[in-house]
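Fold and contact review
In case you want the letters, here they are:
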Amino acid sequence: MAVTTATGVRAHAVDTFGPAKRVSLAYIVTALLALLVGGALGPFQAFNYGGIDLYGLLPFLQSYYQGLTLHGVLNALVFTTFFNAGLLFYLPVRDLNAKPAMTWMWGSYGIGVAGLVIAGIGIIGNTSSVLYTFYPPLYGHWSFYTGLALVVVSSLMVGAEVIRLRLVWRKANPDQATPLVTYMSVVLWMMWMLASVGIVVSVVGFLIPWSFGLREGVDPLLARTLFWYTGHPIVYFWLLPAYVSWYALVPKQAGGELASDPLGRLAFLMFLLFSVPVGFHHQFTDPGIPAGWKMVHSMLTMFVGIPSMLTAFTIAASLEIAGRRRGGKGVLGWLGALPWKNASFTAQILAMFAFIFGGAGGIVNASFNLNMLVHNTAWIPGHFHLTVGTAVTLTFFGITFWLLPHLTKKPLFRPRLALWAAWTWFVGMMIFAIGMHWQGLLAVPRRAYISNLPAALAEGYANAQVPMAVTAVSGVVLTFALIFYFTVVFGTLFSRKTLADADVPEIPWSSARNLKSVGLIKFMDQLNVWMGLAIFLVLVAYGPSLVSMLLNQVPVPGFKLW
Ligand code: HAS
Ligand code: CU
């Protein structure tokens, strides 16, 4: 069957990819199971911020913080990492028509699942209620740190395989530029390799030895800095698989084409350069980091906003091309002409819409002075439920609506319910975000067991009753969204029907414009050079502060709070 990719036409025989499909499906299903458990705890968090304490319904939890740890780790760390591994392995394999090393891939999957189970033991046993940021001196069990380390190792193994496949392809095609989807995937995996250094050093060098009693304490500032070295770029590790879909697949689903191939590459290249050297924007209030360096990171953060702005315009232009092709007229008439009945498309458009507000909030956070107003308040969870919780998650929903049938040959269960899942998730998250941003402006703290405060403290939030009620309402809407979505997922996975080969949805590869800018595309293809520049920027932005922190450590013993 002929398949048009962003950079040309290639022939594929669909079933040659059976092994790659199976490992990809294993990753995606594991990701979705993590989301199911992590997501199911979400409404309890929303009700908590609505002042309603329902934790009594969860007798297996010892504390609010144990639930919050489970929620954050499963959704933000496990769901995203496993989904990326499945998607950004399978798409480049198909894009390159490549033969992946399957033993390696199953090995990486096994390591990831082992990590998930080991970390799970720590969390469920309430030995590691340290939240998904695991800041020392909060003290977790070794199983927690070791399990997470294995999940990271597993993801790096997938990245290494995708990078290897590109090198093999390049040897065979020395004169061609890397196809778009592979280019984007490889840039993402290279960025993740650079980004994960911080968490690897922190976990392997400090937290694991500490949890085994081999170190007396850990310096909180050093550990936080290493965490955020990875913790900021990790948000693009979550976001960029969604961008791959927005650039390379959604235009086709919309009925058009990508407005510019080189602009898509440029956006990804900018993420490679600017994702990492910005982590101090999570530490504006930390003592021990000179204000000048915080300012440098604040400015570099504005740089990393640019590729998203670029994306907004390129994707909007691509959608306009599609809408006009479908007969849409006038300034905004093309919007109505888009295929809104297609759940996969609609989920992703709603994800984009939410990201406009999530991104705007990010710029507020990144502003050195405005950050003081919102830091450590409910505003921040408001921000990241629009970004990772909606832009990314809802895009992944949309992807599964074609990918699960594609991988399993099962028909999508109840497409109309899938559409309902997309809309209810979107509406629920928008309501949640309004409630949380608003509470944040009224100084309601994040990570607070607000529904169970002593009366004297609760009085302090008496003026936040309206946004608290708004947040509680979102918990109800999101409960329905989860039920709808997982009904579709399990209905599809366990369907007794099998699609005829001709009816199995193909990967919706988009064609693209501006492919004649060959020189520019090849210039951007020099990934070794760009990676060198990225490393240089990181050394400049982090080097002096990290060296000084390493030389002046003040180890603090750990404690368990809950
Ligand atoms: Fe953030 C905190 C700054 C993006 C996630 N962020 C967080 C935390 C998380 C997170 C999880 O500078 C909390 C961490 C913790 O636990 O403490 N963030 C930014 C900035 C951006 C940004 C500048 N964040 C993200 C993304 C995330 C994410 C993406 C996850 C996936 N964030 C911060 C800062 C903090 C922070 C500070 C620390 C705050 C503190 O004090 O603790 C930028 O990347 C955003 C750029 C985005 C845009 C939007 C572009 C819009 C697009 C959509 C186009 C729409 C179309 C649709 C085409 C400029 C691309 C048209 C169709 C229609 C129907 C209209
Ligand atoms: Cu950040």
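It should be noted that the structure appears before, not after, this text.
For the structure given in this document, a descriptive report is provided here. (Residues numbered from 1 in each chain as written. Chains lettered and ligands numbered in written order. Predicted model: local features only at pLDDT ≥ 70, side-chain atom pairs only at ≥ 80, totals over all residues. Heavy atoms only, no water.)

Examining the nonpolar core
- In this structure, Leu 91, Phe 134 and Leu 319 are the most contacted members of the largest nonpolar core, which totals 187 residues.
- The element contributing the most residues to this core is helix α2 (residues 64–96), with 20 residues.
- Aside from chain neighbours lying at most four places away, what touches Leu 91 is Val 181, Val 244, Leu 249, Trp 402, Ile 507 and Trp 509. (Core = buried A, V, L, I, M, F, W, Y, C linked by side-chain atoms within 4.5 Å. Buried < 20%, exposed > 50% of the residue type's maximum accessible area, 1.4 Å probe, protein only. Helix = DSSP H or I, 4+ residues; strand = E, 2+ residues; numbered from the N terminus. Contact = heavy atoms within 4.5 Å.)

Points about the coordination of the copper ion (ligand 2)
- Ligation of the copper ion (ligand 2) by protein atoms is provided by His 232 (ND1), His 281 (NE2) and His 282 (NE2), these donors lying 1.9 to 2.1 Å from the ion.
- The sequence pattern describing where the donors of the copper ion (ligand 2) fall on their chain is H-x48-H-H.
- In this structure, the copper ion (ligand 2) lies 4.5 Å from the iron atom of ligand 1. Separated by 49 residues along the polypeptide, His 232 in the loop between α7 (220–231) and α8 (233–248) and His 281 in the loop between α10 (261–274) and α11 (291–325) bring together distant segments of the chain. (Donors = N, O, S within 2.8 Å, 3.2 Å for Na, K, Ca; no water.)

Things to note about the packing of aromatic side chains
- This structure, assessed with the given rule, holds 48 aromatic pairs.
- Judged by centre distance (5.5 Å) and plane angle (85°), the ring pair of Tyr 55 and Tyr 64 falls under edge-to-face.
- Ring centres 6.0 Å apart and planes at 85° place the aromatic pair Trp 423 and Phe 426 in the edge-to-face group. Taken as a pair, Trp 423 and Phe 426 lie in helix α16 (residues 415–441) at a separation of three residues, close to a single helical turn.
- In this structure Trp 423 comes out as partly exposed when scored by relative accessible area, which is 37%.
- When its relative accessible area of 9% is taken as the criterion, Phe 426 is described as buried.
- Chaining the aromatic ring pairs together yields one cluster made of Tyr 236, Tyr 243, Trp 246, Tyr 247, Phe 268, Phe 271 and Phe 355. (Phe/Tyr/Trp six-rings, centres within 6.5 Å; stacked < 30°, edge-to-face > 60°.)

Some points on the packing of α2 against helix α15 (residues 379–408)
- At a closest axis distance of 11 Å, the pairing of α2 and α15 adopts a crossing angle of 45°. For the element pair α2 / α15, the angle class is oblique. In the packing of α2 onto α15, the handedness of the crossing is left-handed. From α2, His 71, Phe 79, Thr 80, Phe 83, Asn 84, Leu 87, Tyr 90, Leu 91 and Arg 94 reach across to α15, where they touch His 385, Val 388, Thr 393, Phe 396, Ile 399, Thr 400, Trp 402, Leu 403, His 406 and Leu 407.
- Residues of the contact of α2 with α15, tallied by class, amount to 11 nonpolar, seven polar and one charged. (Axes fitted to C-alpha atoms, helices over the stretch in contact; angles between N-to-C directions. Parallel < 35°, antiparallel > 145°, perpendicular 65-115°, else oblique. Left-handed = near helix turned anticlockwise from the far one by under 90°. Nonpolar A, V, L, I, M, F, W, Y, C, P; charged D, E, K, R; others polar.)

Considering the site of ligand 1
- Near ligand 1 lie 32 residues; those nearest to it are Tyr 132, Tyr 236, His 375, His 383 and Arg 446.
- At 2.8 Å from an oxygen atom of ligand 1 is found a side-chain nitrogen or oxygen belonging to Asn 371.
- Here an oxygen atom of ligand 1 and a side-chain polar atom of Arg 446 are 2.7 Å apart.
- Elements with a contribution of two residues or more to the shell around ligand 1: α8, α11, α13 (343–366) and α15.
- For the shell around ligand 1, the element with the highest residue contribution is α13, accounting for nine residues.
- Considering only residue class, the shell around ligand 1 consists of 20 nonpolar, 11 polar and one charged. (Near = heavy atom within 4 Å. Polar contact = N/O pair within 3.5 Å; in protein donor to acceptor, adjacent residues only side chain to side chain.)

What about the coordination of the iron atom of ligand 1?
- Protein coordination of the iron atom of ligand 1 rests on one atom only, His 383 (NE2), at 2.2 Å.
- Mapped onto the elements of the fold, His 383 is located in helix α15.

Some thoughts on the pattern of salt bridges
- A complete count under the given rule lists 10 salt bridges for this structure.
- Between Asp 286 and Arg 224 there is a salt bridge; the shortest N-O distance is 2.7 Å. Of the two residues, Asp 286 sits in the loop between α10 and α11 while Arg 224 sits in helix α7, which places them 62 residues apart along the sequence. Take Asp 286 and Arg 224: they sit in the same class, and that class is buried.
- Put simply, Glu 257 and Arg 513 hold a salt bridge, and the shortest N to O gap is 2.9 Å. With Glu 257 in the loop between α9 (250–254) and α10 and Arg 513 in the loop between α18 (465–493) and α19 (518–524), the pair connects residues that are 256 residues apart, well separated along the chain.
- Judged by its relative accessible area of 37%, Arg 513 is partly exposed.
- Linked through salt bridges whose partners overlap, the residues forming this network are Arg 166, Arg 170 and Asp 525. (Salt bridge = Lys/Arg side-chain N within 4 Å of Asp/Glu carboxyl O.)

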